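Chain residues, written in single-letter form:
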Amino acid sequence: MKRLRDWWSNPWGRPRALVAVTWLYIAWSIVPIAIAILFSFNAGKSRTVWQGFSTRWYWGDPTQSVLHDPALRSALEQSLKLAALDMAVSVPLGVALALGLTRWHGPGARPVNVLMLFPLVTPEIVMAVSLLLVFVTLYGIQLGTTAQLLGQVTFSVSYVVVIVRGRLLSIGKEYEEAATDLGASRVAALRLVLLPLLAPAIFASLMVVFALSIDDFVVTDYLSSDASTQTVPIQIYSSVRGTTTPALNALATVIVVATLLAVAFAYVVHRRFTAGDEAARGSALREIAAFDV
Amino acid sequence: MARRGLFWPLFALPGAVWLVLFFLIPFYAVLSVAFGTVDPIFQGPVPVWNPFDWHFTTMRSVLEQLRPGQVFWTVFVRTFAYVGIALAGCLAIGYPVAYYLARHARRTKALLLVLLIIPFWVSYLMRMLAWIGLLLPDGLVNRSLVDIGLLSHPHGWLDGQPSSVIFALVYGYVPYLILPLFATLDRIEPHLIEAGLDLGASRFSTFLHVTLPLSKQGILAGSVLIALPMFGDYYTNDVISGSPGTSMIGNQINLFFQGGPQRTTGAALVIVLAVLLGALMSYYLYSTVRASRQPVTA
Amino acid sequence: MSEAKGGAVELVELRKRFGDVAAVDGVSLRIPAGEFFSLLGPSGCGKTTTLRLIAGLERPDGGRISLDGVDMAATPPHRRKVNTVFQNYALFPHLSVFDNVAFGLRRRRTSRNEINRRVGGVLEAVRLEGLEKRRPSQLSGGQQQRVALARALVLEPSVLLLDEPLGALDAKLRKALQLELKTIHEQFGITFVYVTHDQEEALTMSDRIAVMSDGRVEQVATPEEIYEEPATVFVADFLGISNLMTATAEGAHDGRCLLRLGESELHAARGEISARGEVRIVIRPERIRVEPYAPGGENRIPGMVERVVYLGSLEQLVIRLATGDVLQAIVVNDGEPKAFSQGVPVRVHLPAEALRVLPERPAGEVT
């Protein structure tokens, strides 16, 4: 008994209670996802009773698999399409804004800086409702892919700014100054020095935007038009409570795997980019993970 | 000279214009709809752009329903209760985990960090989907509980249970709390804690008098970070409960935006929510500014 | 090869403010071509800002900067024939040593052969042959410093600006690189403007030094003059330990200033010998002669040894004078048994030719 107590509360050892809480939490957070992924490979129609392994819900089933069910397939396509478009628009926009906001000290910089932070703290439903209303009543933008893209970029761009600005601040102005001192014009300094140095942050932004876009439900749903503009989260939301097949799990799994692969890829590339650059590498994981606001 | 002054502002211009067009003006559109009128024939909302012509009837009726005992009052109180309890739950789970990771984990630190980040990258609705599968009447949770004899027959976890909604909120939002908490705790100098121990404080009292006060800002920031989206959340409730009995502000707003004539009311509710969260945010900013102005010795 | 290569820099009433702070507050300097000129001062004195103004990285609020007689106010940094070695080198981490050094040449659209030839030459001059393909992060601190130097030198600037280039290195390496920098200066024959807060570095390397404080130049002179003939209290204090005392001056007598320090009477042969009223007087610790106690004597004051600090080759004595002032004296450790120990009364000789009367303000400025 005493030995057990010593083991539990050894003042020099690690606090066992904390170890227990941490691992229990991790199990609690990951095991359900693992089970949901497992059931995407169920041979039967049940999402709760294991009936053997199969890939029918991915491509085997001629009508209900992710590959063959038109609704699921179109959701997957729409999700990936929006993610690609969102990355293509919000990353350049955000990088430019971050550069402008860190280097420009004029009177307009401050309000833009504050405005940029708002989308990060505004609940999605507020953004979704306001975009819906402005598109319908003022801008006359048809709901659908364009509206969804405009909405997604609006909240993505702030994340890009935060990530890129973090890196910009840690780089400082000295490399640019060195470049201009050595005869580079400002545009050349930007192209030859600043952008290469920002590459890790730009890459991290791409991945974060990808994940944000893939994960987004509220804005994308509010700005969707018909079945053809439904994305994977919308599909999950609308059919999860009904009688549905493991195909839904399979659809979600595809997205999860795609996201995790993207993140892992980003991490590897980030390490390559920052080889030898210890400061940048130290922040790599956190940058990709938490986009520390 | 002019080029020199315009170089960087030109970079900021597209982003700034974007934010004005798609964030600022849309928010004004909400105001215009909330204080606008309803088309008598098509029952659609008619925005009024000039603030001098605004109608306050909708807002007045929304505010009246916010009085104790009225419909919105119940929903608001419920929302605050759910968010409050879920936030407490998130802190109770998230703080020890972040603390362990920042303070004690050594060899396993990188692995733990990766494991903690995974839920962060798994789509929110996928995570809900996972629990729904487990909580179905014939799901793993019910079957296990019946098997070990804790339940005599399967429990309807998904049939409008407030506890299930709060549980799902905790599950959904706790990863977003752990990372900022970890970042704060990780920045605390280990020497400060060693000094606490050296000066005769026990582990627990060092935690209470050194670590906890130093991580206060992180707790506050993390709490705001997850409380704000929770206040606007409706999808968690919809997929876990689906019952009006657990409806939150977000559900109410979402409901009004499904149909035409109610959008004006919905917009008014959005404004009430925005004002509320704005106040919360201001308090947070105020306390951050105050904390950063305080001398370190205080 | 050192004739007419360097550029002459002239600063006239240069001013630069950052918000409420006047970082550079009316600096006028004339640096002839080919000189090794140092800006010396504590952090925040405006020396780095002055350097950045010359480089064109900051725009002056007032005053003129000219290079070889040509005003440079409207010339952006990338068109100035001036290059900088930055404090933390600012080597581009994503480029190899070769590409770092070739960076400036490529901006000038130099031919490939010419680039190879010149980069090779300059890397040889700074003894970095064979490291062309390395990344900056794979180099030691001293090597990085040399790359920064090579990168600036390869452009053959007429003026090289160096901002605390040895600041990040350890003491031993600093010494070695000081000599190397001096050699490179002689070899290239261009003007060096060197910013440092280390008086020893400035004294050993420079042809002339400007001591700066609060955005202003306190004194411009050769190292010997700066050390031996500090013009102001600040300069005296900044350059090593100076014993500063407040005395009452009673004007010049026979080329010496008559001073009253408490009960004692002193003569000072240097500085503002015609001053009257309250003045500050200064004497270097190594110029003080410590003698066994005896009453009286010219320029001699009784005192008591408060502390003896052993410094190896030297011994530092802290002596409290009868006047209440505390002085530091340096005595050579010549192997004799210790003559002075704590609590021993002594007589301190402050030779008139070592005692200096200082004005409070920089020379030439009347308040």
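The subject of this paragraph is the pairing of strand β18 (residues 314-321) of chain C. Successive residues of a regular strand alternate their side chains across the two faces of the sheet. Residue and element names in this part refer to chain C. By the criterion of burial, β18 is predominantly enclosed, with six of the eight residues buried. With seven bridges connecting them, strand β17 (residues 300-310) and β18 associate as antiparallel partners. Directly across from V309, in β18, lies its bridge partner Q316. Where β17 hands over to β18, the hairpin turn is made up of three residues, of which G312 adopts a positive phi near 85 degrees. As paired elements, β18 and strand β19 (residues 326-332) share seven bridges and run antiparallel to each other. Bridging across to β19, Q316 finds its partner in I330. Joining the antiparallel neighbours β18 and β19 is a turn of four residues, in which G324 adopts a positive phi near 100 degrees.

As a further point, take the packing of helix α2 (residues 16-39) of chain A against helix α3 (residues 71-104) of chain B. Describing two packed helices takes the angle between their axes plus the distance from one axis to the other. Packing of α2(A) against α3(B) leaves a shortest axis separation of 9 Å and a crossing angle of 115 degrees. Remark: the crossing between α2(A) and α3(B) carries left-handed chirality. In this structure, α2(A) uses L18(A), V19(A), V21(A), T22(A), Y25(A) and W28(A) to contact α3(B), whose residues at the interface are I93(B), P96(B), V97(B), Y99(B), Y100(B) and H104(B). Tallied by class, the residues present in the contact of α2(A) with α3(B) amount to ten nonpolar, two polar and no charged.

What follows deals with the interface of chain B and chain A. Taken together, the contact pairs 93 residues of chain B with 92 residues of chain A. Where chain B abuts chain A, roughly 8100 Å² becomes buried across the two surfaces, and 78% of that area is made up of carbon and sulfur atoms. When the buried area of chain B at its contact with chain A is split by residue, W8(B), W18(B) and W121(B) rank highest and sum to 11% of it. Counting across the chain B and chain A interface gives zero salt bridges. Per-element tally for the side of chain B that touches chain A: the top contributor is helix α1 (residues 2-34) of chain B, with 23 residues. Class assignment of the residues belonging to the side of chain B that touches chain A gives a composition of 71 nonpolar, eleven polar and eleven charged.

In terms of backbone geometry, most residues other than glycine have negative phi values and most peptide bonds are trans. Residues and elements named next belong to chain C. Phi at R109 is positive, roughly 55 degrees, even though this residue is not glycine. Residue placement: R109 occurs in the loop between α2 (97-107) and α3 (112-125). Its identity as a non-glycine residue notwithstanding, D214 has a phi of 50 degrees, on the positive side. Note on placement: D214 falls in the loop between β9 (208-213) and β10 (216-221). Given a relative accessible area of 60%, D214 falls into the exposed group.

With that out of the way, let us pick up the sheet that holds strand β12 (residues 256-261) of chain C. All names here are of chain C. Strands sit in the order β13-β12-β11-β15-β21-β14 across an open sheet of six strands; the sheet is mixed. Two strands lie at the open edges of the sheet, namely β13 (264-268) and β14 (270-271), each paired on one side alone. Alignment of β12 against β13, held across five bridges, turns out to be antiparallel. Bridge pairing in β13 links R260 to E265.

With 88% of its residues at a pLDDT of 70 or more, chain A shows a mean pLDDT of 86. This stretch, residues 279-293 of chain A, has a pLDDT under 50; its non-local contacts, to residues over four places away or in other chains, come to 44 contacts.

Now for the nonpolar core. Counting residues in each nonpolar core, the largest one holds 262 residues, and the members touching the most others are I125(A), V129(A), Y222(A), I253(B), F92(C), L149(C) and L160(C). Counting residues per element, this core draws most heavily on helix α9 (residues 186-215) of chain A, which supplies 17 residues. Residues from two domains meet in this core; each of domain 1 (28-61 + 264-298) and domain 2 (74-256) of chain B gives at least three. Setting aside residues up to four positions removed in sequence, I253(B) forms contacts with I125(A), V129(A), Y222(A), G266(B), L269(B), V270(B) and L273(B). C257(C), I301(C), I319(C) and L321(C) belong to the second largest nonpolar core, which has 28 residues in total.

Right, let's talk about the confidence of the model for chain C for a bit. Residue and element names in this part refer to chain C. Within chain C, residue pLDDT values average 87, and 96% of them lie at 70 or more. Every residue in residues 362-367 is under pLDDT 50, and counting partners more than four places away or in other chains gives six contacts. We note a pTM of 0.83 for the whole complex and an ipTM of 0.88 for its interfaces.

Turning our attention to the side chain of S32(B). All names here are of chain B. Structurally, S32 is set in helix α1. The class of S32 is buried, set by a relative accessible area of 0%. Residue contacts for S32: discarding those within four places in its chain leaves V46, P47, V48, W49 and W54.

Right, let's get into the packing of aromatic side chains. All names here are of chain A. For the coordinates displayed, the defined rule picks out 44 aromatic pairs over all chains. When the centroid spacing of 5.9 Å and the interplanar angle of 80 degrees are considered together, the rings of F39 and W50 count as edge-to-face. With F39 in helix α2 and W50 in the loop between α2 and α3 (56-60), this residue pair connects regions lying eleven residues apart in the sequence. Judged by relative accessible area, which is 8%, F39 ranks as buried.

Residues and elements named next belong to chain A. Within the secondary structure, R73 sits in helix α4 (residues 70-103). A relative accessible area of 41% places R73 in the partly exposed class. Through-space distance from the C-alpha of R73 to that of L251 is 8.5 Å; in sequence the pair is 178 residues apart.

The next thing to look at is the pattern of salt bridges. Residue and element names in this part refer to chain C. Under the counting rule described, the total for this entry stands at 30 salt bridges over all chains. The salt bridge partner of R106 is D99, with a shortest N-O separation of 3.1 Å. Classification of R106 by relative accessible area gives partly exposed; the value is 35%.

All names here are of chain C. Evaluated as defined, the whole model comprises three cavities of 30 Å³ or more. In this structure, the largest cavity occupies an estimated 110 Å³ of space. Together, Y227, E228, P230, S242, R270, V282, I283, R284, R287, A354 and R356 line the largest cavity. Taken together, the elements giving at least two residues each to the lining of the largest cavity come down to α7 (223-228) and β15 (276-283). For the lining of the largest cavity, the class distribution of residues is five nonpolar, one polar and five charged. Put simply, the second largest cavity is a space of about 80 Å³.

Counted at 1.5 Å a residue, the expected span for helix α4 (residues 141-153) of chain C with its 13 residues is 18 Å, and the 18 Å between its end C-alpha atoms agrees. Burial of α4(C) is extensive: ten of the 13 residues sit out of reach of the surface. Taken together, the buried positions of α4(C) are G142(C), Q145(C), R146(C), V147(C), A148(C), L149(C), A150(C), R151(C), A152(C) and L153(C). Against the buried residues of α4(C) lie α8 (174-181) of chain A together with β6 (82-85), α2, α3, β7 (159-163) and α5 (171-188) of chain C.

Residue and element names in this part refer to chain B. With respect to the secondary-structure elements, S287 resides in helix α13 (residues 263-293). Since its relative accessible area comes to 6%, S287 is described here as buried. Only 2.9 Å separates the side chain of S287 from the backbone oxygen of Y284, close enough to count as a polar contact. Discounting residues that sit within four places of it in the chain, S287 has contacts with Q217 and L220.

What follows covers the packing of α2(A) against helix α5 (residues 124-135) of chain B. Direction vectors running N to C along α2(A) and α5(B) enclose 80 degrees, while the axes themselves pass 8 Å from each other. Classed by the angle they form, the pair α2(A) and α5(B) counts as roughly perpendicular. Mapping the contact onto sequence places W28(A), P32(A), I33(A), I35(A), A36(A) and I37(A) in α2(A) and M126(B), R127(B), A130(B), W131(B) and L134(B) in α5(B). When its residues are assigned to classes, the contact of α2(A) with α5(B) shows ten nonpolar, no polar and one charged.

Reading the values: the criteria
Residues numbered from 1 in each chain as written. Chains lettered and ligands numbered in written order. Predicted model: local features only at pLDDT ≥ 70, side-chain atom pairs only at ≥ 80, totals over all residues. Heavy atoms only, no water. Buried < 20%, exposed > 50% of the residue type's maximum accessible area, 1.4 Å probe, protein only. Helix = DSSP H or I, 4+ residues; strand = E, 2+ residues; numbered from the N terminus. Pairing = 2+ DSSP bridges. Axes fitted to C-alpha atoms, helices over the stretch in contact; angles between N-to-C directions. Left-handed = near helix turned anticlockwise from the far one by under 90°. Contact = heavy atoms within 4.5 Å. Nonpolar A, V, L, I, M, F, W, Y, C, P; charged D, E, K, R; others polar. Buried area = accessible area lost by both parts, 1.4 Å probe. Salt bridge = Lys/Arg side-chain N within 4 Å of Asp/Glu carboxyl O. pLDDT = per-residue confidence, 0-100. Core = buried A, V, L, I, M, F, W, Y, C linked by side-chain atoms within 4.5 Å. Domains from an automatic or database assignment. Phe/Tyr/Trp six-rings, centres within 6.5 Å; stacked < 30°, edge-to-face > 60°. 1 Å grid on protein atoms, 1.4 Å probe; cavity = no way out; pocket = protein on both sides within 12 Å on 5 of 7 lines; lining within 4 Å. Points joined across faces, edges and corners; volume = space filled by probe spheres on them. Expected span 1.5 Å × (residues − 1). Polar contact = N/O pair within 3.5 Å; in protein donor to acceptor, adjacent residues only side chain to side chain. Parallel < 35°, antiparallel > 145°, perpendicular 65-115°, else oblique.

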